[in-house]
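Close look at the chain arrangement
Below are the chains, spelled out letter by letter.
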Amino acid sequence: MVKLLDDYLIKGEEFKKAKIKIPNFNQDKVIESTADNPVWVHFGGGNLFRCFHAVVAQDLLNQGELNSGLIVAETYDNEVIDKIYRAYNNRFLSVTMKSDGTFDKELIASVAESFYFNAENTEGWAHLTKVFENPSLQLTTFSITEKGYSLRDSKDQLTPLALEDIQGRSKPKTNMGAITYLLYARFKAGKFPIAMVSTDNFSENGLKLQEAILTIAKAWVENEIVEQDFYDYLINPKKVSFPWSMIDRITPNPSEKVAKLLTADGFEDTEILHSQKHTNIAPFGNTEEVHYLVIEDAFPNGRPALEKAGVILTDRETVNDADQMKVTACLNPLHTALAIFGSLLDYHSIWEEVANPDLLALIKNLGYGEALPVVKNPKIINPKDFIDQLLTKRLPNKNIPDTPQRIAADTSQKIPVRYGVTIGHYIANPRFSVKELEFIPLVIAAWCRYLIGINDELESFSPSPDPLLEELQAFVAEVKLDGSQQEIHDILKPILSNHQIVPNEMYQTGLAQKIENYFEQMLQGKGAVLKTLQNVLKEHGKNTDRLLI
C-alpha cells in the first residue's frame, strides 16, 4: 500500500505498481521557491480546484515552466485545511474517471502552502498579507462559488457583514472585504501589478469580482479609511486586472465507490471528510476527463505559460461567448434541470437520469431546442458539438458519481444566469418570440415545486442548501398537493417578481403565467410532476432523435 506522505521520489516503483503517476519535481524545493517568490494564490480549496487548477500547476511544474507552487487560501471551512491539506503535506490524489470505465490516477504535489483565510485566523491573515506584499506574485484565481462574492441580500441591500466591512472598524469579514484588504496591502507595499482571475462557474465572473472589490474600496475612500490613489490603482488595468474566464469540468464530491477501488489498487488514504460545515472532501478527488478553461489574456505582472497546460488564452469577447455558450445554454441549464427534476423524481445519480427517456428529452429540448438557436458561437468551441459531447459522453458516464442533489445547491443564485440570459435573448431578438419558450418555464415551475420539499411520490426530502431557501420556502409552505383549488398567482408572485432571481419581464411577457400553469399541474397528487413533464414533451417537444447527430 502507498500513502500520500510516502516519499514518491524514493518509492516511485511502489506508486507505479498502484498505477499512480508521480511528480517529476521535488516538492521540498518547490516549497522553498514559493516562500521566496510566490507566483500564484488560489482562493477556495475545494474539489474543483484540486482536480483542475492544481493539475494545471502540476503540469507546468513537470515541464519546468513553473518553479513556484500554489498557495491555497480556503475562505470557508478550516477543517479542509487542517484535516485534508496539512494532514497530507498539501498532497492529494487526482482521479480522472474515463467514460470507458478506466481511471487515471496522479499524485498532485503542486500546492506548496495552505491557509484558512479568515479574520479570526491570525496565522493565515498575516501570511497572505505578506504574500500580497511580494512583487513576484502574478495572479490569484478563485473558486469560491457565486455566494462567495455576495455583498447584497435578495432585496439588493448590502448585508450586515458588508455594511460592517465598509465601516472599516475591524478586519473585514466578507470574502470581498478581505480580498480588498489584501490588495490594499499590495498597494501600500509598492503598487505592484496583479491579475485577479475569477474562475467560478458563472457569466462575467471577472466583472462580478471587480464590482464587489470596487464597492468596498469606494466606501473606504468615502469613509476616509484609504486614499483615493488606492481606488485609482484598482481601476487601472495596467496595475490590477480582472480577467474573465470560462471553466468546465464536472467534479462531484468524493465517492465511496472510488475510495474502495483505490484501496483495491493499493492506495491507503481514502477516508472522506464530512465536515461540520457540510463540506465533502477527501485525500483524493474524482473528476471527468473532459475539461475546458478559457481565460482572458490580461496579466499586468506576467503569467505562467498556462497555455502549455491546456488553458486557452484569448480576448474578453471570446471568453464571454464561450462562457455564455456553456453557462447559459449548453451545459449549466441542462444540469440544473436534471438537478431539480432528479430531486423530485428521487434520482441519486446523473447518469441514471439521462438513461430516462423523458429526462433526456427534457434536456435535449432545453439545449438544442431553446438555447442553441440564440447562443453565439465562440468559434474556439462549437456549441452543437459541445452539447453532443455532453449528452453522449459526459452525462452518461457511469464512473462520474455526480448527483442531482449536489447540483441543486444554490439554485436561486443560478437561475438568473442559467435561464434569464436565454430569456433575454428571446426578448431582444426580433427573429424570436419569448412565447416560444416552454421548457425553461417548465424547469422554473419545477423548481418552485421542489421548494415544497416533497417529491413526486409525496415523500418528504431535504432540499439542497441555498442562501434563500428559508425565505422562499415560506411562500410555498401552505401549498397543497391534492389538486384542490388554490390561489397559485398569489403563492408564486413573491418568487416570480423577485428580480434577484428571475428577469424583470416575467409577467410582461407571459412567462410567469406559464410557470404558474405548469406549477399548478404539478400539484395534482402523486406522479403529477412526471405527468406534467410528459404532457409538455408530448405537446411541445421536438423530435429529439433528430436533435443529436
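Residues numbered from 1 in each chain as written. Predicted model: local features only at pLDDT ≥ 70, side-chain atom pairs only at ≥ 80, totals over all residues. Heavy atoms only, no water.

Now for the overall build of the protein chain. Each helix and strand in the protein chain was counted, giving 26 helices and 15 strands. The C-alpha atoms of the protein chain give a radius of gyration of 24 Å, which matches the 24 Å a tight globule of 549 residues would have. Counting every position in the protein chain, which comprises 549 residues, the buried fraction comes to 59%. In the protein chain, which carries 56 positive and 74 negative side-chain charges, the distance between the mean positions of the two groups comes to 3 Å. (Helix = DSSP H or I, 4+ residues; strand = E, 2+ residues; numbered from the N terminus. Rg over C-alpha atoms; globule rule 2.2 N^0.38 Å. Buried < 20%, exposed > 50% of the residue type's maximum accessible area, 1.4 Å probe, protein only. Lys, Arg positive; Asp, Glu negative; His and termini not counted. Charge placed at Lys NZ, Arg CZ, Asp CG, Glu CD.)

Attention now goes to the pattern of salt bridges. According to the stated counting rule, one finds 21 salt bridges in the structure shown. Residue Arg152 is joined to Asp156 by a salt bridge in which the shortest nitrogen-to-oxygen separation is 4.0 Å. Relative accessible area serves as the criterion here: at 40%, Arg152 is assigned to the partly exposed category. Each of Asp248, Glu288 and Arg394 takes part in a single network of salt bridges with overlapping partners. (Salt bridge = Lys/Arg side-chain N within 4 Å of Asp/Glu carboxyl O.)

Turning to helix H6 (residues 122-132), its buried residues number three or more, namely Gly124, Trp125, Leu128, Thr129, Val131 and Phe132. Burial along H6 is one-sided: seen end-on, the buried residues are contained in an arc of 160 degrees. Set apart from the buried face of H6 by more than 90 degrees, the exposed residues are Thr122 and Lys130. (Arc of directions from axis to C-beta.)

The final tally for this structure, using the stated rule, is 16 aromatic pairs. Aromatic side chains Tyr184 and Phe187 sit 5.9 Å apart centroid to centroid with 20 degrees between the ring planes, which places their arrangement in the stacked category. A residue pair is termed a helical-turn pair when its members lie 3 or 4 positions apart in one helix, as Tyr184 and Phe187 do in helix H8 (residues 175-190) at three residues. Here Tyr184 and Phe187 have matching classes, each one buried. The rings of Phe43, Phe117, Trp125, Phe132, Phe142, Tyr149, Tyr181 and Phe202 are connected pair by pair, giving a single aromatic cluster. (Phe/Tyr/Trp six-rings, centres within 6.5 Å; stacked < 30°, edge-to-face > 60°.)

Generally speaking, soluble globular proteins have nonpolar side chains that are buried together. In terms of nonpolar packing, the biggest core is built from 141 residues, with Phe341 and Trp447 touching the most fellow members. The element contributing the most residues to this core is helix H20 (residues 439-450), with ten residues. Those residues in contact with Trp447 that lie beyond four places of it in its chain are Ile340, Thr411, Ser412, Ile415, Leu472, Ile495 and Ile501. (Core = buried A, V, L, I, M, F, W, Y, C linked by side-chain atoms within 4.5 Å. Contact = heavy atoms within 4.5 Å.)

Per the counting criterion, the structure on display carries four cavities of 30 Å³ or more. The computed volume of the largest cavity comes to approximately 60 Å³. Around the largest cavity, the lining residues are Ile250, His335, Ile350, Trp351, Arg394, Leu395, Asn397, Ile400 and Asp402. Looking at the lining of the largest cavity residue by residue, the class counts come to five nonpolar, two polar and two charged. (1 Å grid on protein atoms, 1.4 Å probe; cavity = no way out; pocket = protein on both sides within 12 Å on 5 of 7 lines; lining within 4 Å. Points joined across faces, edges and corners; volume = space filled by probe spheres on them. Nonpolar A, V, L, I, M, F, W, Y, C, P; charged D, E, K, R; others polar.)

All buried positions along helix H7 (residues 160-167) are accounted for by Ala162, Asp165 and Ile166. Buried residues in H7, looked at end-on, bunch into an arc of 95 degrees, giving them a common side. Once H7 ends, the next one or two residues include Gly168, with phi positive near 70 degrees.

Burial analysis of strand E6 (residues 111-116) places six of its six residues in the buried class, the great majority of the element. Pairing of strand E3 (residues 70-74) with E6, which is carried by five bridges, proceeds in the parallel orientation. Across the sheet, Val72 pairs through a bridge with Ser114, a residue of E6. (Pairing = 2+ DSSP bridges.)

A few words now on the sheet that holds strand E7 (residues 139-142). As a general point, the strands of a sheet are linked pairwise by backbone hydrogen bonds and lie either parallel or antiparallel. Taken in spatial order, the six strands make up an open sheet running E6-E3-E2-E7-E8-E9, and their pairing is parallel. A strand with exactly one partner marks an edge of an open sheet, and here the two such strands are E6 and strand E9 (240-241). Sheet topology note: the strand E8 (residues 194-198)/E9 ladder contains two bridges and is parallel. Residue pairing across strands places Ile194 opposite Val240, the latter belonging to E9. With respect to the sheet, helix H2 (residues 27-36) is in contact with E3 and E6, its orientation differing from that of E6 by roughly 60 degrees. Contacts between helix H5 (residues 78-85) and the sheet are confined to E3 and E6, with E6 contributing the most and set at about 140 degrees to the helix. (Axes fitted to C-alpha atoms, helices over the stretch in contact; angles between N-to-C directions.)

Below, the discussion takes up the pairing of strand E4 (residues 92-97). Across the six residues that make up E4, a large majority, six, are buried. Here E4 shows no split at all, with Phe92, Ser94 and Thr96 on one side and Leu93, Val95 and Met97 on the other all buried. Here E4 pairs with strand E5 (residues 103-108) via six bridges, running antiparallel. Counted as the bridge partner of Met97 is Phe103 from E5. The turn joining E4 and E5, which pair antiparallel and follow one another in sequence, is formed by five residues; a positive phi near 95 degrees is taken by Gly101.

Our focus in this paragraph is the packing of H20 against helix H24 (residues 511-521). Running from amino to carboxyl end, H20 crosses H24 at an angle of 55 degrees, the nearest separation of the two axes being 8 Å. In terms of orientation, H20 lies oblique with respect to H24. By crossing handedness, the relation of H20 to H24 is classed as right-handed. Here Pro441, Leu442, Ile444, Ala445, Cys448 and Arg449 of H20 lie close against H24, whose contacting residues are Leu511, Lys514, Ile515, Tyr518 and Phe519. Looking at the contact of H20 with H24, its residues break down into nine nonpolar, no polar and two charged. (Parallel < 35°, antiparallel > 145°, perpendicular 65-115°, else oblique. Left-handed = near helix turned anticlockwise from the far one by under 90°.)

Turning to the sheet that holds E5, a few remarks are in order. Read from one edge to the other, the open sheet built from four strands follows the order E1-E5-E4-E13, with strand pairing classed as mixed. The sheet is open, and its two edges are formed by strand E1 (20-21) and strand E13 (284-288), each paired on a single side.

Residues other than glycine seldom take positive phi values, yet Asn89 does so here, at roughly 55 degrees. Its location among the elements puts Asn89 in the loop between H5 and E4. Phi is positive for Glu204, close to 50 degrees, though the residue is something other than glycine. With respect to the element layout, Glu204 can be found in the loop between E8 and helix H9 (205-222).

By volume, the second largest pocket is sized at about 380 Å³. The wall of the second largest pocket is formed by 22 residues, among which Val55, Asp59, Thr96, Arg249 and His291 lie closest to the centre. Mapped onto the lining of the second largest pocket, the elements with two or more residues apiece are helix H4 (53-63), E4, E5 and strand E14 (292-296). Considering each element in turn, the lining of the second largest pocket owes the most residues, four residues, to E5.

Remember, this is a structural readout, not a statement about activity or role.
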